[in-house]
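A structural walkthrough
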Amino acid sequence: MQSKNMARCALFAALMCLCAWVYLPLGQNPITLQTFALFLTLELLGGKYGSLVCLVYLLLGGIGLPVFSGFRGGFSMLLGATGGYLWGFLLCALLYWLITALLGKGFPIRLVAYLAGLLLCYALGTAWFYRVYLQVGSALSIGFVLLKCVVPFVLPDLLKLFLALALAKKLKRFATA
């Protein structure tokens, strides 16, 4: 990997960390700017390096650096209530990489890849929360868990997606000027 790409990956991993610290607490699953950082990373670096950024971010948090929301870190965070969403960021990036590698990088395809990745992140995060955090045999229905783990995040995440796309467009123009 070129040193320029390594520096970009480090910069965007740092952005993921910073964006995790900007959050609104909503019980176990806070609203953060991590998805904004993820979308911006994928838009500017692409799927390959975006996936690497997500992996670095998870590794930094896994070894105990306070890079997750609430200035928390440690392997237990990757296994806790929000662990599925954290792993979902990596799966989102990998799915984006796969879709754009197979179908091209035109805007409609990228948008579909972002939305599919977001749905995958929601699915993994919700299933993880239900299965791991609430434990087997919980009296809570999956509908209740969806109301808690997905519904409050859809509009903010879509807003973050479109803000990331708009910012990336500006940054791309600035970088080529």
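Above this text sits the structure in question.
Let me begin by describing the structure that accompanies this report. Since the structure is predicted, the reported quantities are computational estimates derived from the model, not experimental observations.

Criteria and thresholds
Residues numbered from 1 in each chain as written. Predicted model: local features only at pLDDT ≥ 70, side-chain atom pairs only at ≥ 80, totals over all residues. Heavy atoms only, no water. Salt bridge = Lys/Arg side-chain N within 4 Å of Asp/Glu carboxyl O. Helix = DSSP H or I, 4+ residues; strand = E, 2+ residues; numbered from the N terminus. Buried < 20%, exposed > 50% of the residue type's maximum accessible area, 1.4 Å probe, protein only. Patch = residues over 30% accessible without salt bridge, like charges linked within 9 Å, V, L, I, M, F, W, Y side chains within 5 Å. Areas by Shrake-Rupley, 256 points an atom, 1.4 Å probe, with all protein chains shown as cover. Polar contact = N/O pair within 3.5 Å; in protein donor to acceptor, adjacent residues only side chain to side chain. 1 Å grid on protein atoms, 1.4 Å probe; cavity = no way out; pocket = protein on both sides within 12 Å on 5 of 7 lines; lining within 4 Å. Points joined across faces, edges and corners; volume = space filled by probe spheres on them. Nonpolar A, V, L, I, M, F, W, Y, C, P; charged D, E, K, R; others polar.

**Some remarks on the pattern of salt bridges**
- Per the counting criterion, the structure on display carries three salt bridges.
- Note that Arg-110 and Glu-43 form a salt bridge whose closest N and O atoms lie 2.7 Å from each other. Highlighted residues: Arg-110 in helix α5 (residues 107–133) and Glu-43 in helix α2 (residues 34–62), separated in sequence by 67 residues.
- With a relative accessible area of 15%, Arg-110 lands in the buried category.
- Across the pair Lys-160 and Asp-157 runs a salt bridge whose closest N-O atoms are separated by 2.9 Å. Linking Lys-160 with Asp-157, this pair stays in helix α7 (residues 151–176), spanning three residues, or about one helical turn.

**Details of unusual backbone geometry**
- Despite not being glycine, Phe-71 has its phi angle at roughly 55 degrees, a positive value.
- Turning to its location among the elements, Phe-71 is positioned in the loop between α2 and α3 (75–79).
- Exposure remark for Phe-71: the relative accessible area of 51% places this residue in the exposed category.

**Description of a nonpolar patch on the surface**
- A cluster of nonpolar residues, Leu-91, Leu-94, Trp-97 and Leu-120, forms a patch on the protein surface that exposes about 300 Å² of accessible area.
- A total of three residues in the nonpolar patch trace back to one element, the largest contributor, which is helix α4 (residues 83–103).
- Within the secondary structure, Leu-120 sits in helix α5.

**Points about the environment of Thr-32**
- Its location among the elements puts Thr-32 in strand β2 (residues 31–32).
- When its relative accessible area of 9% is taken as the criterion, Thr-32 is described as buried.
- In the structure, Thr-32 is positioned 124 residues away from Pro-156 in sequence and 9.3 Å away in space, judged by C-alpha atoms.
- Within the local environment of Thr-32, its side chain forms a polar contact with the side chain of Gln-34, the two groups lying 2.8 Å apart.

**Some remarks on the layout of surface pockets**
- Of the voids in this model, the second largest pocket is the one considered here, and its volume is about 160 Å³.
- Considering the residues around the second largest pocket, the lining is formed by 14 residues, among which Leu-45, Gly-46, Gly-47, Tyr-96 and Lys-105 are closest to the centre.
- For the lining of the second largest pocket, the secondary-structure elements that each account for two or more residues are α2 and α4.
- The greatest single-element share of the lining of the second largest pocket, amounting to seven residues, is contributed by α2.
- Looking at the lining of the second largest pocket residue by residue, the class counts come to six nonpolar, three polar and five charged.

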